[in-house]
Amino acid sequence: MANVTLTIDGQKVTVPAGTTVLDAARSAGIFIPTLCHDPAIPGFGACRLCIVEIPGMRNLPASCVTTVAEGMVVHTASEAVIEARRTIIDLLLANHPQDCLTCEKNGDCRLQDYAFMYGVRQTSFHGERKNYPLDDSNPYIIRDQNKCILCGKCVRTCQAVPGRSVIDFGYRGFNTRVVTAMDVPLGESDCVYCARCVAVCPVGALTYKPMAGKGRTWEIQRKPVTCTFCESGCTFELNIKDGKVIGITAKEPGPGRPLCLKGRLGLELLYVEEPMTPMLKKDGRFVPVSWAEALGLEGVVARMKEVEGK
């Protein structure tokens, strides 16, 4: 593939043709903020926070969906770009709870990071606000749609797994939000609680229920661990506080394999000091089950007892 040379913030950058401006900038170590961009599922261009200024283009294009061109000149932090990013953050905050003091994502929230970075202390837009009920209808994931910024990362990562597509955008305009089929609570949906959506959420809209209230993000050390319950090698993180593992969070699925609840529960059992009681849905309701049943090992455990009893 032919290479293309462009200039980003005065720096000559050569990348393969077809590369996005965002990837070209990042390859040169130039920072551009993003909220909806995910390298694993690129090309969405919804949040517009990655806008840049390119002389000759009418508007400020989103760098994540704009491909490089020979001789292109890009300004990633011009006065117009900074002002536009401030306005975008201002608009996002107009319908985002200002409860950072108690939010589970405080300290690990991209919206919070960018509001600080661009000096947006509070919104200047006042009007109708969203007031959705908290969805904690299942034992694993808390969904707070009042904090959702509609970046779509949860939707796209769920749809990337064949046969899932549990969530999608629903309704229109101001009422647009991420919904399950028939807009039922997550606990009543076909969600399998792999937590792939939680892993990619850039704000506090999706959080782990078993981790709620157990520690602030800066108190928790994260250590990667590879799941060995199958050959795929999905990666998770041990969440360690005061020397104790207090929870397991999803990180990356293995090649060609989605994350799964069984893997995360298995790691909970192995590493967490006080693991939660596993819950599985039966007849439409979550009920506590044995670890053997949760991990699909009932037959193996029964056979082991049978063999060892001889």
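Calculation notes
- Residues numbered from 1 in each chain as written.
- Predicted model: local features only at pLDDT ≥ 70, side-chain atom pairs only at ≥ 80, totals over all residues.
- Heavy atoms only, no water.
- Pairing = 2+ DSSP bridges.
- Helix = DSSP H or I, 4+ residues; strand = E, 2+ residues; numbered from the N terminus.
- Axes fitted to C-alpha atoms, helices over the stretch in contact; angles between N-to-C directions.
- Contact = heavy atoms within 4.5 Å.
- Salt bridge = Lys/Arg side-chain N within 4 Å of Asp/Glu carboxyl O.
- Buried < 20%, exposed > 50% of the residue type's maximum accessible area, 1.4 Å probe, protein only.
- Polar contact = N/O pair within 3.5 Å; in protein donor to acceptor, adjacent residues only side chain to side chain.
- UniProt positions renumbered as here; feature names shortened; annotations may be inferred.
- Phe/Tyr/Trp six-rings, centres within 6.5 Å; stacked < 30°, edge-to-face > 60°.

Asks: Tell me what's going on with the sheet that holds strand β9 (residues 235–241), and back it up with residues and numbers.
Replies: On the basis of which strands lie adjacent, the open sheet formed by 3 strands has the order β8-β9-β10 and antiparallel pairing. Pairing within the sheet leaves two strands with one partner each, and these edge strands are β8 (221–226) and β10 (244–252). Taken pair by pair, the neighbouring strands of this sheet meet at an average axis angle of 30°, ignoring direction. As paired strands, β8 and β9 are joined by 6 bridges and run antiparallel to one another. If you follow threonine 226 over to β9, its bridge partner there is threonine 235. Strand contacts of helix α6 (residues 261–271): β8, β9 and β10, with the helix running at about 155° to β10, the strand carrying the most contacts.

Asks: Give a detailed account of the pattern of salt bridges, specifying residues and quantitative values.
Replies: Enumeration over the complete set of coordinates arrives at 9 salt bridges. Close ionic contact of lysine 147 with aspartate 99 constitutes a salt bridge, the shortest N to O distance being 3.2 Å. Taken together, the positions of lysine 147 in the loop between β4 (141–143) and α4 (153–159) and aspartate 99 in the loop between α2 (79–93) and α3 (110–117) put the pair 48 residues apart, joining distant regions of the chain. Here lysine 147 falls in the buried class, since its relative accessible area comes to 8%. When salt bridges with common partners are traced through the structure, they connect Lys105, Asp108, Arg110 and Asp113 into a single cluster.

Asks: Outline the side chain of serine 78, listing residues and values.
Replies: Tracing the chain through its elements places serine 78 in the loop between β3 (73–74) and α2. On the basis of relative accessibility, which here comes to 15%, the residue serine 78 falls in the buried class. Within the local environment of serine 78, its side chain forms a polar contact with the side chain of glutamate 53, the two groups lying 2.5 Å apart.

Asks: Requested: an account of the UniProt feature "domain: 4Fe-4S Mo/W bis-MGD-type" (unreviewed entry) in the chain, with residues and values cited.
Replies: The UniProt entry lists residues 220–274 under the feature "domain: 4Fe-4S Mo/W bis-MGD-type" (unreviewed entry), expressed in the numbering used here. Span residues 220–274 is 20% helix and 40% strand, its end C-alpha atoms 16 Å apart.

Asks: Kindly report on the sheet that holds strand β1 (residues 3–8), identifying the contributing residues and their values.
Replies: Judged by pairing direction, the sheet is mixed, and its 3 strands sit side by side in the order β2-β1-β3 without closing on themselves. Only two strands of the sheet have a single partner each, and these edge strands are β2 (11–16) and β3. Taken together, the 6 bridges between β1 and β2 define a ladder with antiparallel strand orientation. Of the residues in β2, the one forming a bridge with asparagine 3 is proline 16.

Asks: An account of the pairing of β9 is needed here, citing residue identities and associated values.
Replies: Of all 7 residues making up β9, 5 are buried, and the element is well covered by its neighbours. Relative to β10, β9 runs antiparallel, the two being bridged by 7 bridges. Among the inter-strand pairings, lysine 241 is bridged to a residue of β10, identified as lysine 244. Following β9, the chain reverses through 2 residues before pairing antiparallel with β10; aspartate 242 in that reversal takes a positive phi of roughly 55°.

Asks: Give me the lowdown on the side chain of asparagine 138, citing residues and values where you can.
Replies: Topologically, asparagine 138 is positioned in the loop between α3 and β4. Overall, the relative accessible area of 3% leaves asparagine 138 in the buried class. Reaching out from asparagine 138, the side chain makes a polar contact with the backbone nitrogen of tyrosine 140 at a distance of 2.8 Å. Leaving out residues up to four positions away in the same chain, asparagine 138 has contacts with Leu186, Gly187, Tyr193, Lys209 and Phe286.

Asks: Which residues make up the packing of aromatic side chains, and what are the values?
Replies: Applying the stated criterion across every chain, the model contains 4 aromatic pairs. Relative to tyrosine 193, the ring of tyrosine 140 has its centre 5.7 Å away and its plane inclined at 40°; by these criteria the two rings are tilted. One end of the pair, tyrosine 140, is in the loop between α3 and β4; the other, tyrosine 193, is in the loop between β6 (177–180) and α5 (196–200), with 53 residues separating them in the sequence. By the burial criterion, tyrosine 140 is buried, and tyrosine 193 matches it. Relative to phenylalanine 286, the ring of tyrosine 193 lies with its centre 5.5 Å away and its plane at 70°, an arrangement referred to as edge-to-face. Residue tyrosine 193 is found in the loop between β6 and α5, and its partner phenylalanine 286 is found in strand β12 (residues 285–288); the two are separated by 93 residues along the sequence. Like tyrosine 193, the residue phenylalanine 286 is buried in the burial classification. Site record: aromatic cluster; members linked through ring pairs are Tyr140, Tyr193 and Phe286.

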